[in-house]
Amino acid sequence: MKITSKYALLLGTVALTLSAQAQDGFLTKNQEKQKSIESTFLQSVNFDRFKVHLKEITKNPHIAGTPENELVQQYMAKIMEDAGMDVKLYPYDVYLPNDPGESHLEIVSPVKMTLSQQEAILEEDPFSSDPRLHLGFNAFSGSGDVTAEVVYVNYGTREDFEKLAEMGVDLNGKVVIARYGGNFRGFKAKYAEQYGAIGLVVYTDPKDNGYTKGKVYPEGPYYNETTIQRGSMLTLEWTGDPLTPNEPALPLDGPVKVDRLDPKDVALHHIPVTPIGYGAAKEILSRMEGQAVPEAWQGGLPFDYKIEGGSNLKVRVMVDQPSDFIRANNVIGTFKGAKNPDEWIILGAHFDAWSFGATDPNSGTAMLLTLSEALGELIKQGHRPDRSILIGHWDAEEQGVIGSTEWVEHFRDELGAKAITYMNFDGGVNGRNFGASAAPTLKKLIIDASKEVSYPDSAKTVYEIWAGKQAEPRIGNLGGGSDHIAFYMHVGVPSMSGGTGGLTPYHSNYDNFHYYSKFVDPSFKMGGAVAQLFGLVALRLANGDVIPYDVPRYAQDLKGHFEQAVKNVQALDPNFKEFDQVNAALAKLEASSAAYQQKLDAALEGKKISKKKLKYINKGLIGLEKSWIDPKGMYYGEWYKSLYVCNDPFSGYASWILPGIQYEVAIRSTERLEEWDTRYAAAILNLSQKIDQLSQKL
């Protein structure tokens, strides 16, 4: 592929860096070949294609289950097929709302006022007038028509509701108003309902995203007074389709019939919920007359916030939101591996959106399409990867991470045996600030690759910009909220999420190509850089003689996590000393990991490892993460099987490391700590034993 002159210098810099770096997992004799392949790949990434793809797939609003979303699906399939991928469609019939139905929000007294539930049409933004754009709505709201007094509940976290109870504020029969932030929005509804509220209004406060931060859209990137964050309210003890936990929601008209729950028997929310902008929220909050809020609860609107509205202020919330089965289609493209086709490197992002989806999710989609084309070009030049590279575009994520979960449940056994990694790029090019979260075994891979890609419009590498003044960039731990959940927390596939971030019009009708062009990345260079970086990660995983997991990182990270867990328990019970069984197991794991790494380094420096030995070692490496998968699962939901990681079941988004212990701390219980000491020690010893078996083969 021809390289435009503006990227020639960039790629030359990358090539020089590549020649100075070694790659983990490769025999010494294969290092130079891999460096040559990587150099060719980097030159194959056509930065201009990212903009082409993003513009095309964000032409229309495309919520799941609509003809417009099917057009996006067809475009992605064609691009991947043209790149040489084997493309398959995986359909599922899932139960969800993809339309707001009928919805009203009104102040009934002391004045009568209908409040806006949709963004303003802006002359500067041609996309904002599209007649297909929906009102603001929260999927899986309850349906109802209620009129009541109002209570402000801050962010609507568990702690906020507990604080109100301590203050003696009665929520029974009230409409509560909460600002976005602090937790997954669905928990705002869950707690509101638990405390007796009959309706919920959610808004974005200008203190969190609005005029107190800077210029608002269209003059600046921040939320204007009409910007509305949409989103799902689904909070169940499992992720995915609400009617088919642990089973794929196969098509209703297909040959295989799946038992589905009755929606009446599923713990869906009952109270009506609607999201609004802070302009509409101001009309409610400015009329409240009760006691003053705690200082930390004060928002950015120009008046003192009150907890209660008083008997004179009444608000009507009316929602009639239909849910039904829609056909969700996952689109999976595969570059079949030349040597080990049954070992899978999986990259993915969802493609359904609340509106146009320019930042969330389709910046990630456009990047993956750009990457598909670059890998296709590499293969045309004779460099087919040794292992299979799959790229998945998931449907119906916005209503509850549904499409990807159904696929994982569908192929659970195969994924357990074949999947080396899952790499997630939900809104993967959302700005110019690089970041990543990952399983322990994958962190070094990302850091190493970031040293070899130039940061656009800079003389520095991504690594240098990312690390800043730190000795090494920080890589976080995965939490909730996107398509890695089932891969990582249900099946035990080491996962990562990465890309660039910044200010976005998150889940609003303004998330369009105009906003992206003006505020997210006007040069459109970040998409190519992200494709280069994670393309390197994928190729190293795909071509390594030994899968390049950082095995010693398990013990390193676990030591810190258990130290923190002990502190958390001691805050609850000062007499608690330590997890004795875990400490002994960790010492064994540390020794096993160090021995494995030493033997592996020596073996890779040698001239040869037999194919039979390599096959055994790589199969064993795929099985390491499965040591964390416990059939019993978590006490707050057996679907969540990983003992190592889970999304916080009280906030939804946060990452819980060692979730079994975290849960006990959260519910202020010490009764099961001995059980968890035993369960965690068993998992760690199992992991250590697997590593010892690998060492014996080296």
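Cut-offs applied
- Residues numbered from 1 in each chain as written.
- Predicted model: local features only at pLDDT ≥ 70, side-chain atom pairs only at ≥ 80, totals over all residues.
- Heavy atoms only, no water.
- Salt bridge = Lys/Arg side-chain N within 4 Å of Asp/Glu carboxyl O.
- Helix = DSSP H or I, 4+ residues; strand = E, 2+ residues; numbered from the N terminus.
- Buried < 20%, exposed > 50% of the residue type's maximum accessible area, 1.4 Å probe, protein only.
- 1 Å grid on protein atoms, 1.4 Å probe; cavity = no way out; pocket = protein on both sides within 12 Å on 5 of 7 lines; lining within 4 Å.
- Points joined across faces, edges and corners; volume = space filled by probe spheres on them.
- Nonpolar A, V, L, I, M, F, W, Y, C, P; charged D, E, K, R; others polar.
- Pairing = 2+ DSSP bridges.
- Axes fitted to C-alpha atoms, helices over the stretch in contact; angles between N-to-C directions.
- Contact = heavy atoms within 4.5 Å.
- Phe/Tyr/Trp six-rings, centres within 6.5 Å; stacked < 30°, edge-to-face > 60°.
- Patch = residues over 30% accessible without salt bridge, like charges linked within 9 Å, V, L, I, M, F, W, Y side chains within 5 Å.
- Areas by Shrake-Rupley, 256 points an atom, 1.4 Å probe, with all protein chains shown as cover.
- Lys, Arg positive; Asp, Glu negative; His and termini not counted.
- Charge placed at Lys NZ, Arg CZ, Asp CG, Glu CD.

Caption draft 1: Representation of the pattern of salt bridges in the model. Tallying each qualifying case throughout the model produces 33 salt bridges. Asp521 serves as the salt-bridge partner of Arg432, at 3.0 Å between the closest nitrogen and oxygen. Here Arg432, found in the loop between β15 (419-424) and β16 (433-438), pairs with Asp521, found in the loop between α14 (513-520) and α15 (526-543); they are 89 residues apart in sequence, far enough to count as distant. The buried category is assigned to Asp521, whose relative accessible area is 0%. In this structure, the salt-bridge partner of Glu638 is Lys641, at a minimum N-O distance of 2.7 Å.

Caption draft 2: The layout of surface pockets, seen in detail. The volume enclosed by the second largest pocket comes to roughly 840 Å³. Around the second largest pocket sit 31 residues that line it, and Lys339, Asn340, Asp386, Asp545 and Leu614 are the ones nearest its centre. At the level of secondary structure, the elements contributing two or more residues to the lining of the second largest pocket comprise α2 (31-44), β13 (340-350), α10 (412-418) and α18 (611-622). When residues in the lining of the second largest pocket are grouped by element, the largest group, six residues, is from α18. Here the lining of the second largest pocket is composed, by residue class, of eight nonpolar, nine polar and 14 charged.

Caption draft 3: Seen up close, the sheet that holds β15. The sheet built from seven strands is open, its strands ordered β1-β12-β14-β13-β15-β17-β16 with mixed pairing. Two strands bound the open sheet, and with one partner strand each, they are β1 (86-96) and β16. On average, each strand axis in the sheet is tilted by 20° relative to the strand beside it, whichever way the strands run. In terms of strand pairing, β15 meets strand β17 (residues 495-501) through three bridges, oriented parallel. Along β17, the bridge assignment pairs Tyr422 with Ser495. In the packing of helix α9 (residues 403-410) onto the sheet, the strands contacted are β1, β12 (324-335), β13 and β14 (387-394), and the crossing angle to β1 comes to about 110°.

Caption draft 4: Spotlight on the packing of aromatic side chains. Taken as a whole, this structure holds 42 aromatic pairs when the rule is applied. Ring geometry for Tyr90 against Phe411: centres 5.5 Å apart, planes inclined by 85°, an arrangement best described as edge-to-face. Taken as a pair, Tyr90 in strand β1 and Phe411 in the loop between α9 and α10 lie far apart in primary sequence, 321 residues in all. The same class applies to Tyr90 and to Phe411, which are both buried. Between Tyr422 and Phe487, the ring centres sit 4.0 Å apart and the planes meet at 5°, which makes this aromatic pair stacked.

Caption draft 5: Spotlight on the environment of Pro255. Its place among the elements puts Pro255 in the loop between β9 (231-232) and β10 (273-276). Sequence separation between Pro255 and Gln194 is 61 residues; the distance between their C-alpha atoms is 41 Å.

Caption draft 6: Expanded view of the sheet that holds β10. Taken in spatial order, the four strands line up as β6-β7-β8-β10 in an open sheet, and their pairing is parallel. Unpaired on one side and paired on the other, β6 (150-152) and β10 mark the two borders of the sheet. Within this sheet the neighbouring strands show an average axis-to-axis angle of 25°, counted without direction.

Caption draft 7: How the structure looks around a positive patch on the surface. Residues Lys29, Lys33, Lys339, Lys608 and Lys611 make up a contiguous surface patch of positive charge. As for its placement among the helices and strands, Lys29 is situated in the loop between α1 (5-20) and α2.

Caption draft 8: Representation of unusual backbone geometry within the structure. Following Ser109, the chain continues to Pro110 via a peptide bond in cis, the omega torsion being 10°. Take Pro110: it is sitting in the loop between β2 (102-109) and β3 (113-114). The omega angle of the peptide bond from Tyr217 to Pro218 is 15°, so this bond is cis rather than trans. Considering the arrangement of structural elements, one finds Pro218 in the loop between β8 (199-203) and β9. Phi is positive for Asn246, close to 75°, though the residue is something other than glycine. Mapped onto the secondary structure, Asn246 falls in the loop between β9 and β10. For Asp457, which is not glycine, the phi dihedral falls at a positive 60°. Relative to the assigned elements, Asp457 resides in the loop between α11 (443-450) and α12 (462-467).

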